[in-house]
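Chain by chain, the residues:
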Amino acid sequence: MANPWDVVFPSSTGTLRDPGNFRKQWRSARDDIGFQWVTLHTFRKSVGTLLAKSEGMASASAQLGHSSEQITSRHYVQKTHEAPDMTSLLQAFGA
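Below you will find a few notes about this structure. For every chain, the first residue of its written sequence is number 1, and the numbers climb from 1 along that sequence. Local features in a predicted model are, by the rule used here, given only for residues with pLDDT of at least 70; side-chain atom pairs are given and counted only at 80 or more, and totals for whole chains, interfaces and linings are based on all residues. To get the side-chain values, all heavy atoms of the structure are used, and hydrogens and water are removed first.

1. A word on unusual backbone geometry
Note the cut-off: A run of DSSP states H or I qualifies as a helix once it reaches four residues; a run of E qualifies as a strand once it reaches two. Both are numbered from the N-terminal end. Only protein chains enter the accessibility calculation, which uses a 1.4 Å probe; a residue is then buried when its area is under 20% of its type maximum, exposed when over 50%, and partly exposed in between.
The residue aspartate 6 is not glycine, and still its phi comes out positive at about 55 degrees. Relative to the helices and strands, aspartate 6 resides in the segment before α1 (19–32). Aspartate 6 gets classed as exposed once you look at its relative accessible area, which sits at 70%.

Here's what the structure looks like:
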């Protein structure tokens, strides 16, 4: 259904959704499917991480509407928990 605001998820009558009602519907839906840990902020952080990794921190910051890339980097982009493979170097401890 087309809507004058070009939103992805308009209300059932084609208008903008009330934020409070949407949050209530979201909590109910996520609880029903067992994803209580997923919040609307989870989606925002996922978008920030995806954009930063694919398009750069400036694009992520602009999309999220932040005044600085530092805010985006510090609070919205998942830090990697992977380290370089140093197996051969660390084998010295096992010798």
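Moving on from the model shown.
2. Regarding the packing of helix α2 (residues 40–55) against helix α3 (residues 57–64)
Worth spelling out the cut-off: Each axis is a line fitted through C-alpha atoms, taken for helices only over the stretch in contact, and angles between the N-to-C directions span 0 to 180 degrees. Geometric relationships in this document are graded by angle, where less than 35 degrees denotes roughly parallel, more than 145 denotes roughly antiparallel, 65 to 115 denotes roughly perpendicular, and other angles denote oblique. Throughout, a crossing is termed right-handed when the near helix is turned clockwise from the far one, and left-handed when it is turned anticlockwise from it by less than a right angle. Contacts: residue pairs with any heavy atoms within 4.5 Å of one another. In this classification, the charged set is Asp, Glu, Lys and Arg, the nonpolar set is Ala, Val, Leu, Ile, Met, Phe, Trp, Tyr, Cys and Pro, and all remaining amino acids, among them Gly, are polar.
Interaxial distance between α2 and α3 falls to 6 Å at its minimum, and their mutual angle equals 150 degrees. The angle between α2 and α3 places the two elements in the roughly antiparallel class. Pair α2 / α3 crosses with right-handed handedness. Between α2 and α3, the contacting residues are Arg44, Val47, Gly48, Leu51, Ala52 and Glu55 on the first element and Met57, Ser59, Ala60, Gln63 and Leu64 on the second. Broken down by class, the residue content of the contact of α2 with α3 amounts to six nonpolar, three polar and two charged.

3. So, a positive patch on the surface
The condition that has to hold: By definition, no residue in a patch forms a salt bridge, and every one has over 30% relative accessible area; like charges are joined within 9 Å, nonpolar side chains (Val, Leu, Ile, Met, Phe, Trp, Tyr) within 5 Å. Residue exposure ignores everything except the shown protein chains as possible cover, and the areas themselves are Shrake-Rupley values with a 1.4 Å probe. Note on definitions: salt bridges are taken to be side-chain nitrogens of Lys or Arg within 4 Å of carboxyl oxygens of Asp or Glu. Charge assignment: positive for Lys and Arg, negative for Asp and Glu; neither His nor the chain ends contribute. By convention, the point assigned to a charge is CZ for Arg, NZ for Lys, CD for Glu and CG for Asp.
Together, Lys45, Lys53, Arg74 and Lys79 give the surface a local cluster of positive charge. If you trace the backbone, lysine 45 turns up in helix α2.

4. So, the side chain of threonine 72
Within the secondary structure, threonine 72 sits in helix α4 (residues 69–75). Apart from residues no more than four positions distant in its own chain, threonine 72 is found in contact with Met57, Ala60, Ser61, Leu64, His66 and Val77.

5. Things to note about the layout of surface pockets
Convention followed: Cavity means a closed set of points on a 1 Å grid over the protein atoms alone, one where a 1.4 Å probe fits but cannot get out, pocket means an open set with protein on both sides within 12 Å along at least 5 of 7 lines, and lining means a residue has an atom within 4 Å of a point. Grid points are joined across faces, edges and corners, and a volume is the space filled by probe spheres set on the points.
Estimated volume of the largest pocket: approximately 220 Å³. Every residue lining the largest pocket is listed: Phe9, Phe22, Leu40 and Phe43. For the lining of the largest pocket, the per-class residue count stands at four nonpolar, no polar and no charged.

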